[in-house]
Amino acid sequence: VQEEKIFAGKVLRLHVCTMEGTEWLEEVPEDTTVEKLKERCLKHCVPGSLEDPKTVTHHKLIHATSEKVLTDTKTVLEENIQDRDVLLLVKKRAPPPLPKMADVSAEEKRKQEQKAPDKDAILKATANLPPRNADRTVAQHNLRDFQTELRKILVSLIEVAQKLLALNPDAVELFKKANAMLDEDEEDRVDEIALRQLTEMGFPESRAVKALRLNHMSVTQAMEWLIEHADDPTVDAPLPGQTPSEATAEAGASSAEATAGPSSEAGEEEAKDELTEIFKKIRRKREFRPDPRAVIALMEMGFDEKEVVDALRVNNNQQNAACEWLLGDRKPSPEDLDKGIDTNSPLFQAILENPVVQLGLTNPKTLLAFEDMLENPLNSTQWMNDPETGPVMLQISRIFQTLNRT
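A few points on the structure. Computed from a prediction, not measured in an experiment: that's the story for all the values here.

### A short note on helix α18 (residues 364-375)
Now for step 1: With 12 residues, α18 extends 17 Å from end C-alpha to end C-alpha; this agrees with the ideal 16 Å at 1.5 Å per step.
Now for step 2: Taken across its 12 residues, α18 has 11 buried, putting it largely inside the fold.
Now for step 3: Of all the residues in α18, the buried ones are P364, T366, L367, L368, A369, F370, E371, D372, M373, L374 and E375.
Now for step 4: The backbone nitrogen of K365 lies 3.0 Å from a side-chain oxygen of the residue at the head of α18, namely N363.

### With respect to the sheet that holds strand β3 (residues 59-63)
Now for step 1: With mixed pairing, five strands are arranged side by side in an open sheet as β2-β1-β5-β3-β4. At either end of the open sheet lies a strand with only one pairing partner, and these are β2 (23-29) and β4 (68-69).
Now for step 2: On top of the sheet, helix α2 (residues 34-45) reaches β1 (11-18), β2, β3 and β5 (86-91); it is set at about 145° to β2, its chief contact.

### Brief notes about the pairing of β1
Side-chain positions along a regular strand alternate between the two faces of the sheet.
Now for step 1: As paired strands, β1 and β2 are joined by seven bridges and run antiparallel to one another. For V11, the partnering residue across the bridge sits in β2 and is P29.
Now for step 2: Between β1 and β2, which pair antiparallel one after the other, the connecting turn spans four residues, and G21 there sits at a positive phi close to 105°.
Now for step 3: Sheet topology note: the β1/β5 ladder contains four bridges and is parallel. When the bridges of β5 are listed, V16 appears paired with L87.

### Examining the nonpolar core
Now for step 1: By size, the foremost hydrophobic cluster in this structure holds 24 residues, and its most contacted members are I153, L157, L347, I351, F370, M373 and I396.
Now for step 2: Among the secondary structure elements, those contributing two or more residues to this core are α6 (136-166), α16 (346-353), α18 and α20 (390-405).
Now for step 3: When near neighbours in sequence (up to four residues on either side) are disregarded, I153 contacts I341, L347, F348, I351, I396 and F400.
Now for step 4: If you look at the next biggest cluster of nonpolar residues, it comprises 16 residues, including V16, L37, L42 and L70.

### Quick word on unusual backbone geometry
Now for step 1: Of note in the backbone geometry, E67 takes a positive phi value of approximately 60° without being a glycine.
Now for step 2: Counting through the fold element by element, E67 comes out in the loop between β3 and β4.
Now for step 3: The class of E67 is exposed, set by a relative accessible area of 66%.
Now for step 4: A positive phi angle is found at R84, which is not glycine, with a value near 70°.
Now for step 5: Looking at the secondary structure, you find R84 in the loop between β4 and β5.

Criteria and thresholds
Residues numbered from 1 in each chain as written. Predicted model: local features only at pLDDT ≥ 70, side-chain atom pairs only at ≥ 80, totals over all residues. Heavy atoms only, no water. Helix = DSSP H or I, 4+ residues; strand = E, 2+ residues; numbered from the N terminus. Expected span 1.5 Å × (residues − 1). Buried < 20%, exposed > 50% of the residue type's maximum accessible area, 1.4 Å probe, protein only. Polar contact = N/O pair within 3.5 Å; in protein donor to acceptor, adjacent residues only side chain to side chain. Pairing = 2+ DSSP bridges. Contact = heavy atoms within 4.5 Å. Axes fitted to C-alpha atoms, helices over the stretch in contact; angles between N-to-C directions. Core = buried A, V, L, I, M, F, W, Y, C linked by side-chain atoms within 4.5 Å.

Shown next as structure tokens:
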């Protein structure tokens with residue numbers, strides 16, 4: 001017996017396939033290199049083609065199960081090929097031909113034509129233009145002025161709308177319906193399904209409600225908050241800026257005042273008093289609601305709760321802007337938000353003379369929209385998209401922008 005046969009490795013039977021559909025068995029020792037195996041495969045399927053040394057390098061063997069390309073310098077054993085494995089012999093794709101010099105020149109010329117001008121070219125082309133530097137702080141200041149001016153317009157328009165609607169004989173009934181609509185405001189609701197899921201886990205209902213409001217009605221985040229604050233002594237305290245019990249008491253008191261009016265007064269005076277009380281209820285329900293998370297975050301920085309609520313009210317519940325307001329000159333002040341526009345100004349006169357605005361001011365829904373945007377500016381988008389109030393807001397915006405440019 002020859003020595004090399006005694007110490008030869010294990011012989012593997014491999015199933016080899018080509019892309020053309022040819023199949024056969026190759027028996028090779030496990031110490032055979034992939035390159036040698038590839039040569040044997042090529043002799044079997046393409047006899048006489050190995051005269052060109054590039055033929056071997058232009059093909060590759062792929063392990064069918066793992067889809068791995070086998071390395072020529074490694075052995076069958078190193079590539080972890082087992083008996084009866086399936087290999088695929090594939091011809092490599094030919095590399096794309098190199099572009100001709102003429103094609104390269106044309107492509108470079110096209111790229112140069114499409115290339116953006118550099119800084120020197122821009123400066124040379126704009127050398128004769130007058131300098132105009134836009135100050136970002138001025139732009140932000142103008143934006144804030146616009147928001148402040150819009151609030152003043154809304155304050156004054158609310159007064160006009162209330163006077164006009166008070167002349168309507170059906171005003172009391174209209175506003176009673178509007179008041180009932182506000183009672184169904186979704187913002188005051190808590191997701192009943194989410195609340196039930198938390199209470200079924202054993203959490204108290206009041207804590208579950210607070211957790212859901214703090215976490216935008218997310219059950220998962222509310223549950224994490226409840227577990228994290230289980231031992232917090234202030235876990236049952238009302239949210240900053242929200243005192244439901246006081247609001248309920250105020251609503252009850254105003255209702256009592258509305259029903260306790262002197263019965264001896266004329267019907268017209270009673271209707272006017274009742275309408276006034278309804279206006280008060282609507283304003284109370286539309287009071288600004290600060291974002292609880294922003295309140296907590298700003299209070300943790302050392303600011304007083306009242307200051308924080310004022311800052312969020314001035315800056316439309318934007319935490320970063322409220323922080324800058326607290327650290328800066330604090331303008332506009334919360335008191336400025338309740339001031340109306342000069343009724344004799346050209347801007348206000350132009351708004352009142354607009355037919356669309358005039359018609360809109362006789363609609364109770366427009367008054368509700370003004371009240372809502374005054375206390376919750378982030379709700380402006382929904383009123384802009386409303387078919388009844390949208391045209392009014394669009395006209396006010398156009399008039400403001402037109403006169404502001406002149």
